Amino acid sequence: DKENTLNEKVAHARCGALVTASLPPFPQHLTSSLLAVALLTSFGSSMLYGYNLAVVNSPASYIKNFYNRTVVSRNGSSLTEETLTLMYSLTVSVFAIGGLVGSLMVATLVTKFGRKGTVVNSTVLVFVAGLLMGFSRICGSPEMVIFGRFVTGIHSGISLSVVPMYLGEIAPKNLRGFLGLMPSIFICIGVFSAQLLGLHELLGKEEHWPLFLSLVVVPTFIQLMMLPWFPESPRYLLIEKHNVHATITALKWYRSKCNIQAEIEEMQEEQRSLSTVDTVSVWTLLVDRSVRWQVLSVVVINIGMQLSGIDAIWFYTNDIFENAGIPAPEIQYTTVGTGAIEIVAGLIGRLGRRPLIIGGFGFMGLCCAGITFSLILQTHIPFMKYVSVACVVGIIAGFCIGPAGVPFLITAELFKQSHRPAAYTVGGSLNWMSNFTIGFIFPFLQMSAGSYCYLVFCGVCLTVATYVFFVIPETKNKTFVEISQMFATKEAILESQALSQPDQLKLKTMNGYGTLENGSLEFNSSSSTP
């Protein structure tokens, strides 16, 4: 009865004459509502991640001076160089700790508040952080700067997972890649904005650094004023909330054609496959053998994204440019130039997911190897200094082409509704832990291995590219059910190959992902040939 009622409401929601289910669905186009939501969420959430990554680089000396003056006024003695460096390192790295905390909250938040609801409600964190950092100098409190960075990290940890999830669910399958890469483009814009505003001519003066850190409230305020007027994810409304009327209303907002029957039916198919499956926990996801290849893929891509060396490259860009003979006053402008290259490279993301990831990681691996050889040879061949600069630019461009945004997009595509929140929690946590780890390990790695340390990053990049080439299928223009079936086929093949007897394999029970449940293999010996 419920299904008949749902079909009746869907039929009445069509504009114009009724269209039979046998007709091919209308092609879906980018609507103003879809574009507006993608821009608002990316501008007010994703961009802040990139901004906060780079915002502390320019005012580093001013922040250290503030810390030192504050301690002198409190205790009458100045900080040692080691203690000052430790406090500043904590200011930088606490952002990653906050990101880890935020990523662990994703599954709970998106289930309770929804995708859009989580994005809107998490904006309070940005305003709290902005107030803390903006008034830290007036209050004479370094603790406010550090805690403000921690709070912004929590917000970034949440938004880095929720925004791609939200956009992936509201987009038709042929536009999922375009909208899914929008956050990565805005991350690059955020890095570029921080580099640009950090110039001495703009906010790079000592009196401006509290304002520089707290500017994050501006894009978030714009987002908060406009995003609540847009609907929640239709998939969330139908599959998890069972709200048919709200689902139809949301689809009317996000679709240019009035025939939403085909998309409703695809959601119903997923809903039926998940009728006996609740939203799974992280532990349930990790022990579920039916999605082991999807989980392993998320682990490999997210760890590889951070262990590719991109954070180390960003951290040591100024040193490499200085070694190349670029005058010190011009290094800040060269750094801004690399930020512009990030944006251009991010706009290239129009291909399939596999070419972007494989090409991005592969190109980064080659450039990492190029940095090693150029640093070794530059003492003998002066021209190699410029090769090292080109390799740095190549690594940044390669990262922005694919690894910067595709991992978060592909996490949404590899899992169905019940498993998606837990998958984002796993991927986001590993991403932030790897981010934090590389920040501490790289200086020691560089001291012990010297120029050869970049070969480690080369190995990581090429390993991830190889894994994606052999394991992950192309997900472009595929529905979530179709993607799950592709992994189900891989799982079934591996199960059959593991059988030691040549008996005929019979598929009996299928779980929500279309793969074999435990104990679902039966041997039909009577039909096997001798």
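Residues numbered from 1 in each chain as written. Predicted model: local features only at pLDDT ≥ 70, side-chain atom pairs only at ≥ 80, totals over all residues. Heavy atoms only, no water.

Turning our eyes to something else, we now look at the overall build of the protein chain. Along the protein chain, the regular secondary structure elements total 26 helices and 2 strands. Considering the protein chain as a whole, with its 530 residues, one finds that 53% of them fall into the buried category. Of all intrachain contacts in the protein chain linking residues separated by at least 6 positions in sequence, the fraction that spans at least 24 positions is 82%. For the protein chain, the exposed area adds up to about 22500 Å²; of that, 66% sits on carbon and sulfur atoms. (Helix = DSSP H or I, 4+ residues; strand = E, 2+ residues; numbered from the N terminus. Buried < 20%, exposed > 50% of the residue type's maximum accessible area, 1.4 Å probe, protein only. Contact = heavy atoms within 4.5 Å. Areas by Shrake-Rupley, 256 points an atom, 1.4 Å probe, with all protein chains shown as cover.)

Another point: helix 13 (residues 217-226). Helical periodicity: at 3.6 residues per turn, an α-helix aligns residues three or four positions apart in one direction. Buried within helix 13 we find Pro219, Thr220 and Gln223. An end-on view of helix 13 places all buried positions within 100 degrees of arc, on one side of the element. Against helix 2 (32-54), helix 6 (115-121) and helix 7 (123-134) lie the buried residues of helix 13. (Arc of directions from axis to C-beta.)

Counting residues in hydrophobic clusters, the biggest one holds 51 residues, and the most contacted among them are Leu285 and Phe415. When contributions to this core are tallied by element, the ones reaching two or more residues are helix 4 (81-104), helix 11 (182-197), helix 18 (292-307), helix 21 (353-377), helix 22 (384-401), helix 23 (406-414), helix 24 (420-449) and helix 25 (453-471). The dominant element in this core, judged by the number of residues it contributes, is helix 25, at 10 residues. Grouped together as the second largest cluster of nonpolar side chains are 29 residues, Ala54, Leu84, Met87 and Val216 included. (Core = buried A, V, L, I, M, F, W, Y, C linked by side-chain atoms within 4.5 Å.)

This part covers the environment of isoleucine 376. Topologically, isoleucine 376 is positioned in helix 21. Given a relative accessible area of 30%, isoleucine 376 falls into the partly exposed group. Through-space distance from the C-alpha of isoleucine 376 to that of glycine 450 is 9.5 Å; in sequence the pair is 74 residues apart. Excluding its chain neighbours within four sequence positions, the residues that come into contact with isoleucine 376 are Ser451 and Tyr452.

Moving on, we get to the packing of aromatic side chains. Enumeration over the complete set of coordinates arrives at 10 aromatic pairs. Between tyrosine 49 and phenylalanine 95 the ring centres are 6.2 Å apart and the planes differ by 25 degrees, which places this aromatic pair in the stacked class. Here phenylalanine 95 lies in helix 4 and tyrosine 49 lies in helix 2, a separation of 46 residues in the sequence. Like tyrosine 49, the residue phenylalanine 95 is buried in the burial classification. The interplanar angle of 85 degrees and the centroid separation of 5.5 Å between the aromatic rings of tyrosine 49 and tryptophan 432 together place this pair among those described as edge-to-face. One end of the pair, tyrosine 49, is in helix 2; the other, tryptophan 432, is in helix 24, with 383 residues separating them in the sequence. Positioned over the ring face of tyrosine 88 is lysine 64, at 5.1 Å from the centre of the ring. (Phe/Tyr/Trp six-rings, centres within 6.5 Å; stacked < 30°, edge-to-face > 60°. Lys NZ or Arg CZ within 6 Å of the ring centre and 35° of its normal.)

A pair of packed helices can be characterised by two numbers: the angle between their axes and the separation between those axes. Direction vectors running N to C along helix 4 and helix 9 (residues 142-170) enclose 30 degrees, while the axes themselves pass 6 Å from each other. You can see that helix 4 and helix 9 cross each other, and the crossing is right-handed. Facing Met87, Leu90, Thr91, Val92, Val94, Phe95, Ile97, Gly98, Gly99, Val101, Gly102 and Ser103 of helix 4, the residues of helix 9 in contact are Pro142, Val145, Ile146, Arg149, Phe150, Thr152, Gly153, Ile154, Ser156, Gly157 and Ile158. When grouped by side-chain class, the residues that make up the contact of helix 4 with helix 9 number 13 nonpolar, 9 polar and 1 charged. (Axes fitted to C-alpha atoms, helices over the stretch in contact; angles between N-to-C directions. Left-handed = near helix turned anticlockwise from the far one by under 90°. Nonpolar A, V, L, I, M, F, W, Y, C, P; charged D, E, K, R; others polar.)

Let us now look at helix 25. Helix length check: helix 25, at 19 residues, gives a terminal C-alpha distance of 28 Å against a target of 27 Å (1.5 Å per residue), a fit within 8%. Along helix 25, the residues classified as buried are Cys453, Tyr454, Phe457, Cys458, Cys461, Val464, Ala465, Tyr467, Val468 and Val471. (Expected span 1.5 Å × (residues − 1).)

On average, residues of the protein chain carry a pLDDT of 76, and 74% of them reach 70 or more. Confidence over residues 1-28 falls short of pLDDT 50; this stretch has 34 contacts with residues more than four positions distant or in other chains. A low-confidence stretch, residues 498-530 stays under pLDDT 50, and its non-local contacts, those more than four residues away or across chains, total 48 contacts. (pLDDT = per-residue confidence, 0-100.)

On to the packing of helix 2 against helix 11, then. It is at 6 Å that the axes of helix 2 and helix 11 come closest, and there the two elements cross at 45 degrees. The orientation of helix 2 with respect to helix 11, classified from their angle, is oblique. Considering how the two elements wind past one another, helix 2 and helix 11 form a crossing that is right-handed. Only Met182, Pro183, Phe186, Ile187, Ile189, Gly190, Val191, Ser193, Ala194, Gln195 and Leu197 of helix 11 make contact with helix 2, whose side of the interface consists of Leu35, Ala38, Leu39, Ser42, Phe43, Ser46, Met47, Tyr49, Gly50, Tyr51 and Ala54. Taken together, the residues of the contact of helix 2 with helix 11 break down into 16 nonpolar, 6 polar and no charged. (Parallel < 35°, antiparallel > 145°, perpendicular 65-115°, else oblique.)

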